[in-house]
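This is what each chain is made of:
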Amino acid sequence: MEIKNICCIGAGYVGGPTMAVMANKCPDLNFEVVDFNEERIKKWNSKDLSELPIYEPGLAEIIKDCRGKNLYFSSLVDEKIKNADMVFISVNTPTKTSGIGAGKASNLKWVEACARQVAENSKGHTIVVEKSTLPVRTAEAIMTILESSKNSNNSRSKQISFDVLSNPEFLSEGNAINDLNKPDRVLIGGENDQAVEALCKIYKRWVPEKKILKTNIWSSELAKLTANAFLAQRISSINSISALCEATGADIREVSRAIGSDSRIGAKFLDSGPGFGGSCFKKDILNLVYLAEYFGLPEVATFWNAVVKLNTWHQHRISKLIIKKLFGNLSSKKIAVLGFAFKSNTNDTRESASIQICKDLLDEGASLSIQDPKVSPEQIEIDLNLAMSSNQNKNLVNKNNSEGCWEYSSKIEDALLGADAVLILTEWKEYSNIDWLKMSDKMRRPGWVFDSRSIIEPKKVLKSGLNFWRVGDGVI
Ligand code: UDX
Ligand code: ADP
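Just so you know, these numbers come straight off a predicted model, no measurement behind them.

**Digging into the overall build of the protein**
Phase 1 of the analysis: Helix and strand counts for the protein stand at 19 helices and 14 strands.
Phase 2 of the analysis: By the compact-globule yardstick of 23 Å for 476 residues, the protein fits well, its C-alpha radius of gyration being 24 Å.
Phase 3 of the analysis: Judged by the C-alpha coordinates and their principal axes, the protein covers about 80 × 50 × 45 Å.
Phase 4 of the analysis: In the protein, 73% of the contacts between residues at least 6 apart in sequence involve partners at least 24 apart.

**What to know about the layout of surface pockets**
Phase 1 of the analysis: If you add up the space inside the second largest pocket, you get close to 430 Å³.
Phase 2 of the analysis: Here the residues of the lining of the second largest pocket sort into 13 nonpolar, 3 polar and 3 charged.
Phase 3 of the analysis: When residues of the lining of the second largest pocket are assigned to domains, at least three fall in each of domain 1 (5–215) and domain 2 (217–476).

**A few points about empty space enclosed by the protein**
Phase 1 of the analysis: Counted by the stated rule, this structure contains 2 cavities of 30 Å³ or more.
Phase 2 of the analysis: The volume enclosed by the largest cavity comes to roughly 40 Å³.
Phase 3 of the analysis: For the largest cavity, the full set of lining residues is Glu-130, Ser-132, Thr-133, Leu-134, Ser-166, Pro-168, Ser-220, Glu-221 and Lys-224.
Phase 4 of the analysis: Among the elements that make up the lining of the largest cavity, the one with the highest residue count is helix H10 (residues 217–248) (3 residues).
Phase 5 of the analysis: Split by domain, the lining of the largest cavity shows at least three residues from each of two domains, domain 1 (5–215) and domain 2 (217–476).

**Some remarks on the pattern of salt bridges**
Pairing between side chains becomes possible if they bear opposite charge and their charged atoms approach one another.
Phase 1 of the analysis: Scanning the model with the defined rule gives 22 salt bridges in all.
Phase 2 of the analysis: Residue Glu-351 pairs with Lys-282 through a salt bridge whose shortest N-O separation is 3.7 Å. Placement of the pair is Glu-351 in the loop between strand S9 (334–338) and helix H14 (353–363) and Lys-282 in helix H12 (residues 281–294), with a sequence separation of 69 residues.
Phase 3 of the analysis: The class of Glu-351 is partly exposed, set by a relative accessible area of 41%.
Phase 4 of the analysis: Exposure remark for Lys-282: the relative accessible area of 32% places this residue in the partly exposed category.
Phase 5 of the analysis: Taken together, the shared-partner salt bridges connect Glu-197, Lys-204, Glu-209 and Lys-214 into one network.

**Focus: unusual backbone geometry**
Phase 1 of the analysis: Here the amide bond leading from Arg-445 into Pro-446 is cis, since omega sits at -5°, within 30 degrees of zero.
Phase 2 of the analysis: Looking at the secondary structure, you find Pro-446 in the loop between helix H18 (436–440) and strand S13 (448–451).
Phase 3 of the analysis: The phi angle at Asn-385 is positive, at roughly 55°, despite the residue not being glycine.
Phase 4 of the analysis: On the basis of relative accessibility, which here comes to 68%, the residue Asn-385 falls in the exposed class.
Phase 5 of the analysis: The backbone of Ser-454 sits at a positive phi, close to 50°, despite the residue not being glycine.
Phase 6 of the analysis: Mapped onto the elements, Ser-454 comes out in the loop between S13 and helix H19 (458–463).
Phase 7 of the analysis: Owing to a relative accessible area of 25%, Ser-454 belongs among the partly exposed residues under this scheme.

**A short note on the site of ligand 1**
Phase 1 of the analysis: Near ligand 1 lie 19 residues; those nearest to it are Phe-170, Glu-173, Asp-271, Lys-343 and Arg-453.
Phase 2 of the analysis: At 3.2 Å, a backbone N or O of Glu-169 approaches an oxygen atom of ligand 1.
Phase 3 of the analysis: Within the backbone of Phe-342, a nitrogen or oxygen atom sits 2.9 Å from an oxygen atom of ligand 1.
Phase 4 of the analysis: For ligand 1, whose accessible area on its own is 670 Å², the fraction buried by protein is 91%.
Phase 5 of the analysis: Take the shell around ligand 1: its biggest share by element is 4 residues, from H10.
Phase 6 of the analysis: A breakdown of the residues in the shell around ligand 1 according to their chemical character gives 10 nonpolar, 3 polar and 6 charged.
Phase 7 of the analysis: Two domains each provide a minimum of three residues to the shell around ligand 1, namely domain 1 (5–215) and domain 2 (217–476).

**Observations regarding the site of ligand 2**
Phase 1 of the analysis: Neighbouring residues of ligand 2: 16 residues in total, closest Tyr-13, Val-14, Asp-35, Arg-40 and Arg-350.
Phase 2 of the analysis: Sorting elements by how many residues they give to the shell around ligand 2 places helix H5 (residues 109–121) first, with 3 residues.

**Digging into helix H6 (residues 138–148)**
For the α-helix, the turn length of 3.6 residues means that residues three or four positions removed from each other point alike.
Phase 1 of the analysis: Taken as a whole, H6 has its buried residues at Thr-138, Ala-139, Ile-142, Ile-145 and Leu-146. Viewed end-on, H6 has its buried residues packed into an arc of 125°, placing them on one side of the element.

**Focus: a positive patch on the surface**
Phase 1 of the analysis: Where like charges cluster on the molecular surface, the positive patch consists of Lys-25, Lys-182, Lys-210 and Lys-211.
Phase 2 of the analysis: With respect to the helices, strands and loops of the structure, Lys-182 is situated in the loop between helix H8 (176–181) and strand S7 (186–189).
Phase 3 of the analysis: According to the relative accessible area criterion, Lys-182 is exposed, its value standing at 69%.

**A short note on the packing of H10 against helix H11 (residues 252–260)**
Phase 1 of the analysis: The interhelical angle for the contact between H10 and H11, taken along N-to-C directions, is 130°, at an axis separation of 9 Å. By the angle class used here, H10 and H11 are oblique. Handedness of the H10/H11 crossing: right-handed. Where H10 approaches H11, its residues Ile-238, Ile-241, Ser-242 and Cys-245 are matched on the opposing element by Ile-252, Val-255, Ser-256 and Ile-259.
Phase 2 of the analysis: Looking at side-chain class alone, the contact of H10 with H11 contains 6 nonpolar, 2 polar and no charged residues.

**Some details on the sheet that holds S9**
Sheet strands line up and pair through hydrogen bonds in the backbone, either parallel or antiparallel.
Phase 1 of the analysis: Ordered in space as S11-S10-S9-S12-S13-S14, the 6 strands form an open sheet in which the pairing is parallel. Looking along the sheet, the strands with just one partner apiece sit at the ends: strand S11 (405–408) and strand S14 (467–470). On average, adjacent strands in this sheet sit at an angle of 20° to one another, irrespective of strand direction.
Phase 2 of the analysis: As defined by bridge partners, strand S12 (residues 421–424) adjoins S13 across 4 bridges and the pair is classed as parallel.

Basis of the calculations
- Residues numbered from 1 in each chain as written.
- Chains lettered and ligands numbered in written order.
- Predicted model: local features only at pLDDT ≥ 70, side-chain atom pairs only at ≥ 80, totals over all residues.
- Heavy atoms only, no water.
- Helix = DSSP H or I, 4+ residues; strand = E, 2+ residues; numbered from the N terminus.
- Rg over C-alpha atoms; globule rule 2.2 N^0.38 Å.
- Contact = heavy atoms within 4.5 Å.
- 1 Å grid on protein atoms, 1.4 Å probe; cavity = no way out; pocket = protein on both sides within 12 Å on 5 of 7 lines; lining within 4 Å.
- Points joined across faces, edges and corners; volume = space filled by probe spheres on them.
- Nonpolar A, V, L, I, M, F, W, Y, C, P; charged D, E, K, R; others polar.
- Domains from an automatic or database assignment.
- Salt bridge = Lys/Arg side-chain N within 4 Å of Asp/Glu carboxyl O.
- Buried < 20%, exposed > 50% of the residue type's maximum accessible area, 1.4 Å probe, protein only.
- Near = heavy atom within 4 Å.
- Polar contact = N/O pair within 3.5 Å; in protein donor to acceptor, adjacent residues only side chain to side chain.
- Areas by Shrake-Rupley, 256 points an atom, 1.4 Å probe, with all protein chains shown as cover.
- Arc of directions from axis to C-beta.
- Patch = residues over 30% accessible without salt bridge, like charges linked within 9 Å, V, L, I, M, F, W, Y side chains within 5 Å.
- Lys, Arg positive; Asp, Glu negative; His and termini not counted.
- Charge placed at Lys NZ, Arg CZ, Asp CG, Glu CD.
- Axes fitted to C-alpha atoms, helices over the stretch in contact; angles between N-to-C directions.
- Parallel < 35°, antiparallel > 145°, perpendicular 65-115°, else oblique.
- Left-handed = near helix turned anticlockwise from the far one by under 90°.
- Pairing = 2+ DSSP bridges.

Here it is as structure tokens:
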């Protein structure tokens, strides 16, 4: 199984960076990234690298090196499948919003469409690789669709054959290029050793062999869901303890340090924050919950569902706390919201805690001035389902809003002007360097700083005369 031409369907947060790094590591192979979203493809091909559709540190440099050499982006999905020896499926699999499994199961319509496209267009032998996170046994459905295309009565159908592999992606956004360059492990699930070996051979060019784990296909699919569920569980666990810290006088940072130095627990993923976001955690846990219910394991379903419930509760907890500290009234008050992305170093806002928290504050009539170094106002408008205030940059608050409104600030300073409170929701580096002595003068008194990411030195804020709250701090 000689692999020369690789096609990736889906030029999103997973497909784009993954293929870019593979192309960079395998100059002798040809990579075609295809997407039916022409606007997105146009951005991937844009000369100005600041216009790439995804912000990811280090990505633009790789695109500059590889694009047009062995890495191409196009909308010619069928044509590129025809020439491919290996097809990665990297499309979106959001949670179903209606029908059986609504709110829990993944919507596989895009994955199914990909399988059909491969079935209709492939030539010779094609290895289909699942990259998107998928419910267990999706490979079976993909294989059934692919195999059914061999039953047609045309000459092509007699010459085609397939293998399906599961090769889940574990990259973490904002650190994707590092994660892809130096993965903790690469997981390949498959039944046919030759196909597994063909994919293994690609990774072996830069990943030590001992880090390439081979499993059966179902273990690989379930391992991906489980890894995300375990990570999310750690965050809900530490966030639940942060509430207890605030009630008892303990400090969550001290508690995290103390438990994290137990080598069985480990120090990573113990930062209490505003609640986890991102496209994977909630979706994957809900998938696990659905699977457990489907297989008659209600206790397992309840256990994992609690991780998501705690996360939602924690987000509302932060909004409620802000409302309480601001005398239970937010109308005619301006709150500077620093950070809208679900974490730093990405422009991704999917499931960001900022969305829920901002909606809660808007419901209370707040006027929000939102700043984020990478998220566009258009994206915020979509996420909040609310148009930006037409009073932009004039006088957001004096409109005497009974309903909430928001404006976009390109500078931190503008967001803070006349604000009653500052709320830090994403851990962007620039927010930890704010000169509070200088900035506090621009705010209305009594002013508050709410730090949901623990990135600010409390003394620096308190010195400026502002009030300060941070997550899990029972001492201040
Ligand atoms: C996650 C997994 O880490 C990755 O392996 C998988 O492939 C996709 O899902 P990602 O969603 O990019 O990656 O981000 P991650 O760094 O895991 O963070 C998820 C959320 O948890 C973010 O909102 C982040 O702010 C939050 N988080 C993370 C915390 O609140 N505290 C922590 O200690 C770590
Ligand atoms: P992820 O975070 O998993 O990468 P994204 O939503 O960022 O998810 O990207 C998935 C991409 O897949 C989108 O750009 C979407 O247009 C594309 N896509 C979905 N289905 C198909 C399909 N059948 N053919 C081509 N592209 C597709």
